[in-house]
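# Reading the structure
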There are 2 protein chains.
Amino acid sequence: MRAGGLSNGGNRANFTASAKSVFRTLYASGPATRPQIGAALGLSRPTLSSSMAELDRVGYVEKIGEVQGAVGRKASMYRLGTGAGHIIAVDAGSTHVRLRVSTIDRRLLHSRIYRLPSNQRHLSSEISQAVAEEVDAVRAITEPGWGPLRAVGIALPSRVVDKDGDTVSTRQDYIFAHFTPRPGIPLILENNVNCAAFAEHSHGVAKGRADFVYIQIGLKIGMGIVLRNQLVRGRNGGAGEVSHLSFPWGPGLRPENAALETYVGSEAFLERVRQAWPPEAGAPPIDPAQLLALAEAGHPVAVEHVRHHAEDIGAIVSSAVSIVDPGFVVLGGGIGNNPLILPYVRDVVDRLSYPTQIETSVLGPDATVLGIELLTAEHACALLIEDLEV
Amino acid sequence: MRAGGLSNGGNRANFTASAKSVFRTLYASGPATRPQIGAALGLSRPTLSSSMAELDRVGYVEKIGEVQGAVGRKASMYRLGTGAGHIIAVDAGSTHVRLRVSTIDRRLLHSRIYRLPSNQRHLSSEISQAVAEEVDAVRAITEPGWGPLRAVGIALPSRVVDKDGDTVSTRQDYIFAHFTPRPGIPLILENNVNCAAFAEHSHGVAKGRADFVYIQIGLKIGMGIVLRNQLVRGRNGGAGEVSHLSFPWGPGLRPENAALETYVGSEAFLERVRQAWPPEAGAPPIDPAQLLALAEAGHPVAVEHVRHHAEDIGAIVSSAVSIVDPGFVVLGGGIGNNPLILPYVRDVVDRLSYPTQIETSVLGPDATVLGIELLTAEHACALLIEDLEV
DNA sequence: CTAATTAGTTACGTACCTTAACAAACAAAT
DNA sequence: ATTTGTTTGTTAAGGTACGTAACTAATTAG
């Protein structure tokens, strides 16, 4: 009853432990020679020989060249092969849908960006529509050299929960309004801020940090938490939902639900700025970017507002540091990225909490799609070599 | 150059993987028969036979009896043996020093409680003195049947950091004022609230919860966070230091360093209560216990104050839930334990944050020493079977 | 006392890794 | 061009840690 064709695809290859670790090494660290892998994993040459043969038999590795050391025979260079297949990663953002098709070891095969006709405040059927179209467009140009599709991942601008969580209040199911997952292909959903945090962990300023917190400050405010190199998601996908921090809060002050979101969100912030803008200071800024530009130019009123906002961000970071004490914080997002706010945030955290290194994100708008690519690739890799049955 | 005597002690036995997992099963789940262990681990009877022989050879297991099923031959019951040794766990508290001597599988061998002559606000040399005396007292009565001492653990009322953290501001080194660790015996230090949380995870209401938050409300306020069944400690041992949450905080309100500690601590709380106590309401309470007693009796002024305090606790819990969204929260400590505050905390968290089950601690004042016992036993277990060299 | 059932041991096979020895491929020295 | 030394890769042989199959041992039910 077996299909006579390719040896990969539906079958769950039963690799030896060494073959699995070799595959994972190539997945994680990219192309390498046998001696390099053997040294890294502490495996003997004969073991590497048989592991490579195992993986080559199903097309999971391929030779891409040779490297010559100072002396001695050339070593062959290997990477993951066509048989390992490819993944599709999508950032379903509120303004753009970004899509990357990559191999499991994250070599870019194809990339698309689609500008949504209108900004979407929340995950919506418009976004779903765009995602469906972009993914379909990939299907049309899929090349045989990409190998089988192993997984699809989508970064969502919403809380993401699995089955047992509170899935109603999340808007995550809107993604399925027009987009239909391909049967048999695992679909990974993840919150977009978590994705950006994870990208920062692999390619960005948080590289090598087992524990850190990423805070994204833009239209909305969100936080991604990585502890022991793993994302903290929370029971309801609500980990890092800092907009629900108790606020306002003090003697005689009663916190309100999600009050921080409306206070620190860029729209409310800008509205406060415009209200308080003195007529003699010129025309009030029309958007946060303009306010930041004025502040960068040294406009004293703008600077003062930016400082105040940065201190509020510092208070948020301090609260997070008080809870998880990560030792490292990355500021990202349209506002968080701005170098003006960094010193103020540092001052506040320094004053209120524990020694914490704070840096600005180095990844651009691709952070989110890079993060979901990583998470999707990890899932695909585990599927290929771990013994987890679907 | 080997000492001719016992086979255990300094040597690092090189067990098979199956023997290690058998040992860990007995460590984690207590006495069991071979068929039970085999079924639990998916090991065959011959493998169990040889694993047991391996462990028995160094005295790590011992037979303690036989059990008879419905039909068939009796099965032998095993547990960790004398050769596995024992541990000493100490709760260096501010009012008492509690000490437990136990086997690695947490069978109590000896227990002591010492009431400090005066309450200690912080970790002090007085506490260190008491710990040193209590641990020395154990040495005097140590029985041969306990086997070798494998590890000593101490729960401290301070932040605990390892080498690379900020060890200066911690008072953790006060523990060494009079207490000197035994050379060659690993010493485990852990924050006392983390210990209580961990105990709640193993023996308490949080049993089986991979993720939860424990909040202890008493003279001071502290939080222990467990994610993926592991304590979150933080870079500076500051995880769960909720007294550093941004407070007071609101439009026009500038958070102050550790302001929450002084606001929500029981002394400041009681002082506020006494200040606001109306003369016609009788004598104001002299301590929090009395205030709680009055509230339990229905005294309206007391009830109102307790409600207000409980709402502040709810705000703290909400902030923690906003950051890590554990789905489960345990209230402990002298005040947190009181059933009066539970409904108010639930209401606040329900209003401000995500669906979270909140319960009251079920463990008494032994929680902390039980927690450090667990952590120390885990360390000892890992030392015996994992290949980690000291 | 016999049959059925469960616990534990012995014999033996297999999977997966190792070391040892060898062959192949290369740079540098002769 | 040949030799020498080094590195890569393969082949052969061996060891360890498991498994299965078949046995013995101990117990209950009839």
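Residues numbered from 1 in each chain as written. Chains lettered and ligands numbered in written order. Predicted model: local features only at pLDDT ≥ 70, side-chain atom pairs only at ≥ 80, totals over all residues. Heavy atoms only, no water.

Looking at DNA strand D, there are 25 residues lining it, with A:Arg34, A:Ser49, A:Arg73, B:Thr47 and B:Lys74 nearest. Side-chain polar atom of B:Ser18 to a phosphate oxygen of DNA strand D: 2.7 Å apart, as the coordinates give it. A distance of 3.3 Å is found between a base nitrogen of DNA strand D and a side-chain nitrogen or oxygen belonging to B:Arg73. Breaking the surface near DNA strand D down by element, the ones donating at least two residues are helix H2 (34–41), helix H3 (45–57) and strand E3 (75–80) of chain A together with helix H1 (17–29) and helix H3 (45–57) of chain B. At 3 residues, the largest contribution of residues to the surface near DNA strand D is made by H3(A). Residue composition of the surface near DNA strand D, grouped by class: 9 nonpolar, 10 polar and 6 charged. (Near = heavy atom within 4 Å. Polar contact = N/O pair within 3.5 Å; in protein donor to acceptor, adjacent residues only side chain to side chain. Helix = DSSP H or I, 4+ residues; strand = E, 2+ residues; numbered from the N terminus. Nonpolar A, V, L, I, M, F, W, Y, C, P; charged D, E, K, R; others polar.)

Another aspect to go through is the relation of the copies chain A and chain B. Mapping chain A onto chain B calls for a rotation angle of 180° and an axial translation of 0.1 Å; the resulting RMSD is 0.1 Å. The operation mapping one copy onto its partner corresponds to a two-fold rotation axis. The C-alpha atom lying nearest the rotation axis in chain A is that of A:Trp249; the distance is 2.6 Å. A share of 100% of the interface residues of chain A reappears at the interface of chain B, consistent with the copies meeting face to face through the same patch. (Least-squares fit on C-alpha atoms with pLDDT ≥ 70 in both. Contact = heavy atoms within 4.5 Å.)

This part is about the side chain of B:Arg150. All names here are of chain B. Within the secondary structure, Arg 150 is located in strand E7 (residues 149–156). This buried residue, Arg 150, is left without a salt bridge; Asp 105 holds the nearest opposite charge, at 11 Å. Reaching out from Arg 150, the side chain makes a polar contact with the backbone oxygen of Ala 84 at a distance of 3.1 Å. (Buried < 20%, exposed > 50% of the residue type's maximum accessible area, 1.4 Å probe, protein only. Lys, Arg positive; Asp, Glu negative; His and termini not counted. Salt bridge = Lys/Arg side-chain N within 4 Å of Asp/Glu carboxyl O.)

Reports of interface size often rely on the accessible area that becomes lost once the parts have come together. Contacts between chain A and chain B engage 54 residues on the former and 54 residues on the latter. Each partner contributes to the roughly 4,500 Å² buried at the junction of chain A and chain B, and carbon and sulfur atoms together form 54% of this total. In terms of surface lost to chain B, no three residues of chain A exceed A:Trp249, A:Ile323 and A:Tyr354, which account for 20% of the buried area on that side. In this assembly, chain A and chain B are joined by 0 salt bridges. One can count 34 residue pairs in polar contact (both at pLDDT 80 or more) joining chain A with chain B. Of all the elements in the fold, those that place two or more residues in the side of chain A that touches chain B are strand E10 (221–227), strand E11 (230–232), helix H6 (259–264), helix H9 (300–324) and helix H11 (341–352) of chain A. Here the element with the most residues in the side of chain A that touches chain B is H9(A); it accounts for 11 residues. (Buried area = accessible area lost by both parts, 1.4 Å probe.)

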